[in-house]
Structures are given as C-alpha cells and as structure tokens.
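Take a look at the letters that make up each chain.
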Amino acid sequence: MLVALGLAMVATFMFLIITKRATPVVALILVPVAFGLFAGAGLDISDMVTDGIKELAPTAAMLFFAIIFFGIMIDVGLFDPVVRLVVRMVRNDPARLVVGTAVLAMVVSLDGDGSTTFIITTAALLPLYLKLGVSPVVLTVAAGLANGTMNILPWGGPTARSASALKIDTNAVFLPMVPALIAGLVVVLLFSYHLGVLERRRIGRIEIRDSILMPREEVLVAAGGGAGGDVPPTSRGRRHAGEPATGSVTTGSGGSGDDTSNDDEQDDESSFTGVLDPNRKTLRPKLFWINAGLTVALLAVLGLDIVAIPVLFMIATGIALAVNFPHVKDQQEAITRHSSSIVSVVAMVLAAAVLTGVFSGTGMVDAIAHWLASGIPDWMGPHMAVVIGVLSIPLTFLMSNDAFYYGVLPVMSETATRYGIDPAEMARASITGQPFHMQSPLVPAILLLVALAGVSLADHHKKVLWRAAAVSIVMLVVGCMVGAIPF
C-alpha cells in the first residue's frame, strides 16, 4: 500500500505542477498532507513536517541571503563595468557580440535569478542586435544556454533542491561538479561563437558608433513590436518583468527623451530597454572596489568550504548592507526591492519540507525504493547515476524542478544506494540536465526572455534545444571523467 500511495502522491504532485492547477507551494503542502493522513500518519504528521523543516532550514537561509547579496551588488553597480566592457569589446564583429552576450549572461547569472539575468542582458544588448541587424533569436540562445549552465550554482535552485531533497550538504553536490561546469561554459562559448560566425556570414561586418550605445525611442518600439498583440511595448515590459526583477535595470539617462511627455512614461521605458542607468540612486561608485573585494572573498571562501554557506551569505549580506546603505531606511528598501524573489523561493523550500518529511516519515521512500530495486536489472544498478543524469534532460524539460527533485530524485537515489552509489553522486548527475531544463516553456524566465527579445518560443527552440542537450551531455561526461559521477 505504501508503494501505491507513494507513487500516487508523486504522480498527483507532478500533475498539479505540470498542468498548473496549483502553485508549487500549494502542491508541496496539501498533496503530502492528504496522502500522509490517508496512509495513517495521524497527528504524527506534525513531527514529520517539523523534521523536514529542520533539514531544509539551512537551504532556505542560504537562498534568502544569496538573493539579497547579489541583488545588492547589481543595485550598487558592481556589474555595470562588465556590461560596458562587453558593449565596447564587440567592435565590428557579430561573433564578438554573441560571445559577449554569453559572457554577460554568465556573469549576471551569479545572482541565481534567471529573470534578472535575462532582463539585464536584453536591456543592455538588444538595442545593438536590433540596430545592427543581428537576429534577436541568437541573443536568446546565447543567454539561455549561459544561464541554464550557470543554474547549477548552489544558490541557483536545482543544486539546493537536490541537496535538500536528499538531505545532504550543498557543497558536497556542487564543488566536485566545478570541472563539469567549466566544460559546459566552454561549450556554450563555442556555440555562441559559431552562431556569431553564421551571423557574420549573413550580414557581414558591423559598425558600432557611440550613438548606438544610447537608448532610442525607435529601439523601444522595435523591441516591443515583435511580441504580438495590441499591448503597448512599455506596459508589456512591465507586466513580464515586474518590479522586483527590474529594480536595478533602467535605460541610460542620456538617451532621446524628447518624445516622452511625463516621468511615468520614462519609467516604463526604463523597465524594458536600454543600458543600466548611470544615474540610478542605488549606485555606489566610490565603493566599487570594496564591493568587488567582498564578492571575490565570498566566492573564494565558498570554494574553500571552510564556512557553512548560509552563514557565509548571512555575513556577506550584512556587510554589504552596512557598507552600501548605512541608513536603516535605505537598508530596508534594499531588502524590499528583492522581496518578491525571496518570498517565492524561500516559501517553496519550506513547503518542500512537507513533501520530504511525509515521504520519509511514512516509509514511502523505503517502500518504493525496495520495489524499484527489485525490478531493476542487475546490469543497470551500478550505472544509476548515469541513468538519472540522462533522464534529467527530458524529465526536467517536461516537468518543473520541484517535481523532479522532490518527486523523482529521492526515489531513484534510495534505489541507487543499494548498489553502493552515494546520494551526493546521484544529486550531481541530476543537475546536469539544467541547460536543457531552462529552455522549457514551464520556466517563466525563458518566457520573459523571448518576450523581451520579441521572438517566438518556437524559433528559440529550433536553435537552442539540440545545443542545450549537447551541453548537458558534455557536463555529464566530464563529471564521469573527473570521478564526481560514477559510471
């Protein structure tokens, strides 16, 4: 009965998420509670959920403060020089422009939020693509591949999900996969260069003048015209982006604002196109090197694995707030700017405690694992890590990360342990499908990207899917070669 209930619970959870009949938070809470009570848990379900919360609390804390920290770094202008450098270095070569797009997306992806990455990348570079005749689809492909590959960062989501679902340390999952991540990024750059070469052959060399770097009204119209419908471009940009994600993304102040009749229209423009506003109030140019040093130190300590990740981000966030926003009111505003992302992510992690707690506390995991183990051929057992890595490519495309990491991975991992495969090894293999997952229509960020770029999702998929699958396979192979994933 536990096997049947466990499979039915996972199937119900996946169905609700995939069909969008319930949000992940609602499904993660109500479905396990219902099935747990039906399994006879009774009032003991309270202890099961409490145990799950204790296990996932560090992950929730890490995500909470990581989002604030990197959001602050974007607000204060730490990444502005990178944007300007990419724009200047493309010169007259489309190949450089596309590679620069991938590099910029990789850097901004350090904040772990795909929506922020795509807004900044599109805002900074789409005017160049439109003015110079380079296909915006190439922008979405380069940015999508870069962000999907960087999505395995500990604070990006899937790595934290896999670690929390299997109740292991996040660093144990991520650090051994660094060589695979580097290999994946190299492949992304190669694909970007190839796409740029194809564009070079199609349109020839390009010429970038200083005036091109400034936002223009016609750029706004062109960017909004391709998404269809009668909705004005500015209002559609607001609807997709939302306040929290666009708080630090605005147009340059030196652009052509002569046709703008009021400040509200200027604000609408700033949420959609142009470059990062050099005059936004949150900039801290005098503190640039302090912020850069703080970020480098954070990443260095993170790599050394000498301080727990939640504690590390708590300390770094506290320092960043105190240094950049000494006044209490400004500190509160800095946190509030990113509150939407914080609430949605942390709520999802804490809600997942219900699923993992009930799944484990009722014995469903053990029952299903024994059932699966008895049906898996002996020759396949030692290769379960590779199996989950290959399955992660299509499964994470067809379902959300929540459904895969909290529904499928725990069951597969429990089965793999009977063949001597460590849960951390299964978790590492499971995150290799992220470059492909991020192209899924179930991912809101990718829908935002194609909308801002004015291209259709179908056109994006024609160019990106096979490349994303190749990046995922390369990461899986390199993970096996370096010993992070058992073959």
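Worth saying up front: this structure is predicted, and the values here are computed from it rather than measured.

**Q** Help me understand the overall build of the chain, please; the structure alone is not making it clear to me.
**A** Looking only at helices and strands, one finds 25 helices and 0 strands in the chain. Taking all 487 residues of the chain together, the buried fraction comes to 56%. In the chain, of all internal contacts separated by at least 6 residues, the share reaching a separation of at least 24 is 81%. For the chain, the accessible area works out to roughly 19400 Å², and carbon and sulfur atoms hold 64% of it.

**Q** Which parts of the structure should I look at to understand the packing of aromatic side chains?
**A** For any pair of aromatic rings, the description rests on two quantities: the centre-to-centre distance and the angle between the ring planes. Applying the stated criterion across every chain, the model contains 8 aromatic pairs. By way of ring pairs, the aromatic residues Phe69, Phe70 and Phe313 are connected into one cluster.

**Q** Mind showing me how you'd approach helix α21 (residues 401–416) here?
**A** Residues spaced three or four apart along an α-helix point in a common direction, a consequence of the helix completing one turn every 3.6 residues. The largest bend along α21 reaches roughly 40° and is located at Leu409, with the proline Pro410 sitting one to four residues downstream. Among the 16 residues that make up α21, 15 are buried, leaving the element largely enclosed by the rest of the structure.

**Q** Help me understand the side chain of Thr317 in this model?
**A** Tracing the backbone through its elements, the reader meets Thr317 in helix α16 (residues 309–324). Not counting the four nearest positions on each side in its chain, Thr317 is found in contact with Phe65, Ile68 and Phe69.

**Q** Where do I start with a negative patch on the surface in this structure?
**A** Negative charge collects at one region of the surface, where Asp44, Asp47, Asp51 and Glu55 lie side by side. With respect to the element layout, Asp44 can be found in the loop between α2 (24–38) and α3 (45–75). Here Asp44 falls in the partly exposed class, since its relative accessible area comes to 47%.

**Q** What is the right way to look at the confidence of the model for the chain in this model?
**A** Regions with low pLDDT carry predicted coordinates that are not meant to be interpreted in detail. Per-residue confidence for the chain averages 78 on the pLDDT scale, and 81% of its residues sit at or above 70. The spread of mean pLDDT over the elements of the chain runs between helix α13 (residues 243–246), the lowest at 34, and helix α7 (residues 136–150), the highest at 95. Counting interchain partners and residues more than four positions distant, the pLDDT-below-50 stretch residues 209–275 has 114 contacts.

**Q** In this structure, what is going on with the packing of helix α20 (residues 384–398) against helix α25 (residues 457–481)? I would like to understand it.
**A** Packed helices, taken two at a time, are described by the angle between their axes plus the distance between the axes. Two numbers describe how α20 lies on α25: the axes approach to 10 Å, and their chain directions differ by 160°. One element, α20, and the other, α25, form an angle in the roughly antiparallel class. Viewed along their axes, α20 and α25 form a crossing whose handedness is right-handed. Across the interface between the two elements, Val386, Gly389, Val390, Ile393 and Phe397 from α20 touch His461, Leu465, Ser472, Ile473, Leu476 and Cys480 from α25.

**Q** How should I be thinking about the nonpolar core in this particular structure?
**A** Side chains that are nonpolar tend, in soluble globular proteins, to be buried together. One finds Phe69, Tyr129, Trp155, Phe313 and Met426 to be the most contacted residues of the largest nonpolar core, which totals 134 residues. It is α3 that provides the largest number of residues to this core, a total of 12 residues. With near-sequence residues (within four places) excluded, Met426 lies in contact with Met384, Ala385, Ile388, Leu409, Met412, Ser413, Ala416 and Ile421. Of all hydrophobic cores here, the second largest spans 6 residues; its members include Ala41, Ile45, Met48 and Val358.

**Q** I'm lost on a nonpolar patch on the surface in this one. Help?
**A** Together, Ile290, Val311, Met314, Ile315, Ile319 and Val323 make up an exposed nonpolar region whose accessible area comes to about 470 Å². Among the secondary structure elements, Val311 is positioned in helix α16.

**Q** For this particular structure, what's the right way to read the environment of Val103?
**A** Take Val103: it is sitting in helix α5 (residues 94–108). Residue class for Val103 comes out partly exposed when judged on its relative accessible area of 32%. Placed 39 residues apart in sequence, Val103 and Ala142 show a C-alpha to C-alpha distance of 8.9 Å.

**Q** In this structure, what is going on with the pattern of salt bridges? I would like to understand it.
**A** Where charged atoms from two side chains of opposite charge approach closely, those side chains can pair. In total, this model carries 4 salt bridges according to the counting rule given. One salt bridge connects Asp75 with Arg337, and the closest N-O pair in it is separated by 3.1 Å. With Asp75 in helix α3 and Arg337 in the loop between α17 (328–336) and α18 (339–361), the pair connects residues that are 262 residues apart, well separated along the chain. The burial state of Asp75 is the same as that of Arg337; both residues are buried. The shortest N-O distance in the salt bridge between Arg202 and Glu199 comes to 2.7 Å. Taken together, the residues Arg202 and Glu199, both in helix α10 (residues 178–203) and 3 residues apart, mark about one turn of the helix.

**Q** Just checking my understanding: could you explain unusual backbone geometry for this structure?
**A** Leave glycine aside and you will find that most residues have negative phi; peptide bonds, for their part, are mostly trans. For Lys167, which is not glycine, the phi dihedral falls at a positive 60°. Locating Lys167 in the fold gives a position in the loop between α8 (158–166) and α9 (170–174). With relative accessibility at 38%, the residue Lys167 sits in the partly exposed group.

**Q** Teacher, can you tell me more about the environment of Ala57 here?
**A** Tracing the backbone shows Ala57 in helix α3. Taking the C-alpha atoms as reference points, Ala57 and Ala353, separated by 296 residues in sequence, lie 8.9 Å from one another.

**Q** Teacher, can you tell me more about the packing of α7 against α25 here?
**A** At a minimum axis separation of 10 Å, α7 and α25 run at an interaxial angle of 30°. For the element pair α7 / α25, the angle class is roughly parallel. In terms of crossing hand, the pair formed by α7 and α25 is right-handed. Counted together, Val137, Thr140, Val141, Leu145 and Thr149 of α7 and Asp459, His460, Lys463, Val464, Arg467, Ala468, Val471 and Met475 of α25 form the full contact between these two elements.

**Q** Can you help me understand α8 in this one?
**A** Counting buried residues along α8, 9 of its 9 residues qualify, which places the element largely inside the surrounding structure. Considered for burial, the residues of α8 that qualify are Pro158, Thr159, Ala160, Arg161, Ser162, Ala163, Ser164, Ala165 and Leu166. One or two steps after α8, the chain reaches Lys167, where phi turns positive at roughly 60°.

How each quantity is defined
- Residues numbered from 1 in each chain as written.
- Predicted model: local features only at pLDDT ≥ 70, side-chain atom pairs only at ≥ 80, totals over all residues.
- Heavy atoms only, no water.
- Helix = DSSP H or I, 4+ residues; strand = E, 2+ residues; numbered from the N terminus.
- Buried < 20%, exposed > 50% of the residue type's maximum accessible area, 1.4 Å probe, protein only.
- Contact = heavy atoms within 4.5 Å.
- Areas by Shrake-Rupley, 256 points an atom, 1.4 Å probe, with all protein chains shown as cover.
- Phe/Tyr/Trp six-rings, centres within 6.5 Å; stacked < 30°, edge-to-face > 60°.
- Bend = angle between axes of the 7 residues up to and from the residue.
- Patch = residues over 30% accessible without salt bridge, like charges linked within 9 Å, V, L, I, M, F, W, Y side chains within 5 Å.
- Salt bridge = Lys/Arg side-chain N within 4 Å of Asp/Glu carboxyl O.
- Lys, Arg positive; Asp, Glu negative; His and termini not counted.
- Charge placed at Lys NZ, Arg CZ, Asp CG, Glu CD.
- pLDDT = per-residue confidence, 0-100.
- Axes fitted to C-alpha atoms, helices over the stretch in contact; angles between N-to-C directions.
- Parallel < 35°, antiparallel > 145°, perpendicular 65-115°, else oblique.
- Left-handed = near helix turned anticlockwise from the far one by under 90°.
- Core = buried A, V, L, I, M, F, W, Y, C linked by side-chain atoms within 4.5 Å.

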